[in-house]
Amino acid sequence: ARRRLAEGDNSLPEPAEASSLAMLARQVNTPPVYLLGGAAAISVATGGLVDALAIAVVVAANTLTGFLTEQASERTIRSLALGAPLAARVRRGGRTVEIPLVEIVPGDLLLLAPGDYVPADARLLESDRLYLDEAALTGESLPCLKDAAVTLAADTPLAARRNRVYRGTVVTGGSGLAVVCETGLATELGRIQSATEQASAPTTPLERQLEHLSYQLTLLSGAACAGVFGVGALRRLPALELLRSTISLGVAAVPEGLPAVATSTLAMGIRRMGRQHTSIRQMNAVETLGAIQVLCLDKTGTLTQNRMRMAAVATSGAAAGPALERPLAELPAGAFKRLLEAIVLCSEAESADGSGWTGSPTEVAMVQLAEAEGVDARRLRAARPRRALNHRSDAQRFMVSVHGRSRGRPVAYVKGSPAEVLALCSHELRGGRRMKLDAARRARLLAANDAWAGLALRVLGVADGPAPANGQALQGLTWLGLVGLEDPLRPGSARLVRELQDAGIRPVMITGDQAATAEAVARRLGLARGRPLRVLEAARIGDMEPGVLAGLAHNTDVFARVTPADKLRIVTALQRDGRVVAMTGDGLNDGPALKASDVGIAMGEAGQDVARRVADVVVEDNRLETLIDAVAQGRTTYGNIRKSIHYLLSTNLSEIGLMLGALALGLPSPLSPLQLLWINLATDVAPAIALGLDPPEPDVMAQPPRDPAAPMIGRADLWRITREGVVITAGALAAYLAARLVHGPGARAGSVAFTTLTSAQLLHALNCRSEHFGCSGLHRLQPNRLLALSVGGALGLQAAALLLPPARRLLGTVLPLPVDLALIAAGSLLPLLVNDRLKMPAAPPAEVSP
């Protein structure tokens, strides 16, 4: 009790969940909402309470949509929580008791058995073939063997501390007794969680670009207002009329539909990804996925399955297995069966309940292979009872199991380091006969061992022979063959790497495994793509200057032997190099790097709570294919937001142009403030949202990632938008002038200008679907039925504004005559055709740099 009072509870604080108020504030605290607020303030200042109310409704709808979407994503993430066990077995006062996890204190004795969750960091006092799965903490794919007898230096890396056990890891075999040294936040897991809480992600590219765009729109609005005021002052217009025109133009320069477009596009991206079993925690993460330039892939559990399987077998001069792409049926039946019987008997795997097998993954994988090939493991063990077992050790890297027979001398079965087992053998089983081993044959067997190790296989040699008499050395054995085991690649991982490279995204593998194993896996994945593979073992990363590490990270394909702190340094180094970085992971050790990356991606099915709580994206079903789908969706989302902004800015610019053009010619304003608001809210928003939901273009994954430092609307875009706005302005202004010539000044000419401009803007939405394909090439794109419906519906609304008397009274329009309809058709269709002809021809996909 005194220790618990001094050290605190053995618990880790739950990561703070975003409050509803914080989620709501994130939706409001955006540049587009600021712009709308300014527009509403202008409307209130000039008595336009109806206009201000309409804008407030748009802001409220956008805010509610974003808030509900983020709240639903948070609920999905929380539903995936695993949680740790609530109790643990300890020895207190000489008795074994089970106590709540939070009550464990330094000095408690932990009893460790297969399946146990280690509740605190502890020093081993006793160990009996104790294996722990530390992959979630260290990234090591294989369970590690612990040894209470060793003494290690204080600076021994975490993955090599064989005399310690750590909170959050799981016992997979053997047993042990350990004394607790650290609890709560003082544990390695607690340190990782603290580092995770301190890490912070940078602002997303979309946030930075929308902020830049808001600055551009502010300048545009100010310039437009100044221009109108200057022209009006030169023409000595009445002050009230000039003020109304200036305010109307300021409202026209603000794209009221922008928040609705951005929110709806991101929300739809989240919904589409949700149908693919991918949860998005932050709305902007959808778009940021499309901007990533480097994807850091955690090897264990992400690229590989974090389980062992038999990958290759060599016996009697033949070799086969999945790693060699040859079926096991090609192996000589007799020799193969004898090897399988040897690995079943020389094994620590146990089946206490007669169903599944327990023990280290390596042992279990070999017994499972034997059973799959027809060996009855339990009956075999019963027929040949074990008389002695000599475990593998540092001095003797092989296991020896002695079994009795019904007649004759007991048999010794040996399994372990191929070189050491081969040294005990005088003969080999070949062609069904026992043949003497010569030097050349030994050299070929060792070369095969080296070749398999280069395939990232864990290779074991197998032999049998007469058991030695008391005091005699083991010798004269018969070599039975090699077995190779692997942590298999996850299905689709090689294709994922290839598709990432095709999309211009550089995949980087980060693992706690040894460099040789990591390099072999990277080669199987095709990470180098035909060039020399660049591997960095992260032993000295912590001592490197940030600039030096950034330079190394820029050219490294594989980081091996990394710690959680190293992962964080690697991610921040890549970001310092100017890259948009995504990080995948499923373990406790990935938490800080996941949070600090631009996009943290947790593999949800097998992932730990820490990883899932800090990630921006959770792939619930662990399918790697969804990562490519997510990137494609992110790129599509960003492209669609650009299309919508392109549409809104070019159409708003045409409104400014029409107002300025009329004033410059000494004519009265053709559009009233209410007509401008009608255009911006009633007819602009629906097509802009429909463009935001446009299906992916055919070459979306053939283009390189965009430059995150580039503005969303660059100089070339501004020139194109200006040109298109001028063309639309010209059509509407020409129709207005023609109507004045036919009907004289009055409401009819203004009604023609209003309808022409609205119709031209709606038709312009078709032009905004692609920067390269004109209207004649839209058949190459997937159909956007929502756009057709929104354009048709908005044209119907505009027709109602002309045909319905209440709408005509509200908007100041008149019933059109046949000549008016002809002017409207010419003024709206000609800009569509001109802008279509001025569009750039389809360009080939840009070259993707390696």
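Residues numbered from 1 in each chain as written. Predicted model: local features only at pLDDT ≥ 70, side-chain atom pairs only at ≥ 80, totals over all residues. Heavy atoms only, no water.

Engineer: Could you give me a rundown of the overall build of the protein, with the residues and numbers involved?
Structural biologist: The secondary structure content of the protein amounts to 30 helices and 24 strands. Residue burial in the protein is summarised as follows: out of 850 residues, 54% are buried. Summarising the internal contacts of the protein: among those between residues at least 6 apart in sequence, 70% fall at separations of at least 24. (Helix = DSSP H or I, 4+ residues; strand = E, 2+ residues; numbered from the N terminus. Buried < 20%, exposed > 50% of the residue type's maximum accessible area, 1.4 Å probe, protein only. Contact = heavy atoms within 4.5 Å.)

Engineer: Explain helix H28 (residues 785-803) to me, using residue names and the numbers behind them.
Structural biologist: Note that an α-helix has 3.6 residues per turn; residues three or four places apart therefore point the same way. Look at H28: 27 Å from first C-alpha to last across 19 residues, which is about the 27 Å you get at 1.5 Å a residue. All of the buried residues in H28 are Leu787, Ser790, Val791, Ala794, Gln798, Ala801 and Leu802. Projected onto a plane normal to the axis of H28, the buried residues spread over an arc of 120° and lie on a single side. For H28, the exposed residues set more than 90 degrees away from the buried face come down to Arg785, Ala788, Leu789 and Leu803. The N-cap residue of H28 is Asn784: its side-chain oxygen and the backbone nitrogen of Leu786 are 3.3 Å apart. (Expected span 1.5 Å × (residues − 1). Arc of directions from axis to C-beta. Polar contact = N/O pair within 3.5 Å; in protein donor to acceptor, adjacent residues only side chain to side chain.)

Engineer: Give me helix H19 (residues 546-554): which residues, what numbers.
Structural biologist: Taken together, the buried positions of H19 are occupied by Leu549, Ala550 and Ala553. Buried residues in H19, looked at end-on, bunch into an arc of 105°, giving them a common side. Where H19 is buried, its residues contact strand E19 (506-510), strand E21 (558-560) and helix H20 (564-576).

Engineer: Any details on the sheet that holds strand E22 (residues 581-585)? Residues and values, ideally.
Structural biologist: One open sheet holds the eight strands; their spatial order is E8-E24-E23-E22-E9-E19-E21-E20, and the pairing between them is mixed. Edge positions in the open sheet fall to strand E8 (278-280) and strand E20 (535-537), since each of these has one partner strand only. Pairwise comparison of adjacent strand axes, ignoring direction, gives a mean angle of 20° for this sheet. Together, strand E9 (294-298), E19, E21 and E22 form the strand contacts of H20, whose direction differs from that of E22 by roughly 160°. (Pairing = 2+ DSSP bridges. Axes fitted to C-alpha atoms, helices over the stretch in contact; angles between N-to-C directions.)

Engineer: So what about the environment of Val571? Which residues, and what values?
Structural biologist: With respect to the helices and strands, Val571 occurs in helix H20. The spatial distance from the C-alpha of Val571 to the C-alpha of Ala582 is 8.4 Å, given a sequence separation of eleven residues. When residues no more than four places from it in sequence are discounted, the contact partners of Val571 are Val581, Met583, Ala593, Ala596 and Ser597.

Engineer: Tell me what's going on with unusual backbone geometry, and back it up with residues and numbers.
Structural biologist: Look at Glu325: it is not a glycine, yet its phi comes out positive at around 60°. In this fold, Glu325 is placed in the loop between strand E11 (318-320) and helix H12 (333-345). Under the relative-accessibility criterion, Glu325 is labelled exposed at 73%. The phi dihedral of Arg561 is positive, around 55°, even though this residue is not glycine.

Engineer: Can you tell me about a nonpolar patch on the surface, naming the residues and giving the values?
Structural biologist: Residues Leu741, Val742, Leu817 and Val819 make up a contiguous nonpolar surface patch of about 380 Å² in total accessible area. As for its position among the elements, Leu817 is in the loop between helix H29 (805-811) and helix H30 (818-838). (Patch = residues over 30% accessible without salt bridge, like charges linked within 9 Å, V, L, I, M, F, W, Y side chains within 5 Å. Areas by Shrake-Rupley, 256 points an atom, 1.4 Å probe, with all protein chains shown as cover. Salt bridge = Lys/Arg side-chain N within 4 Å of Asp/Glu carboxyl O.)

Honestly, that's just the spatial picture; any functional story needs more than this.
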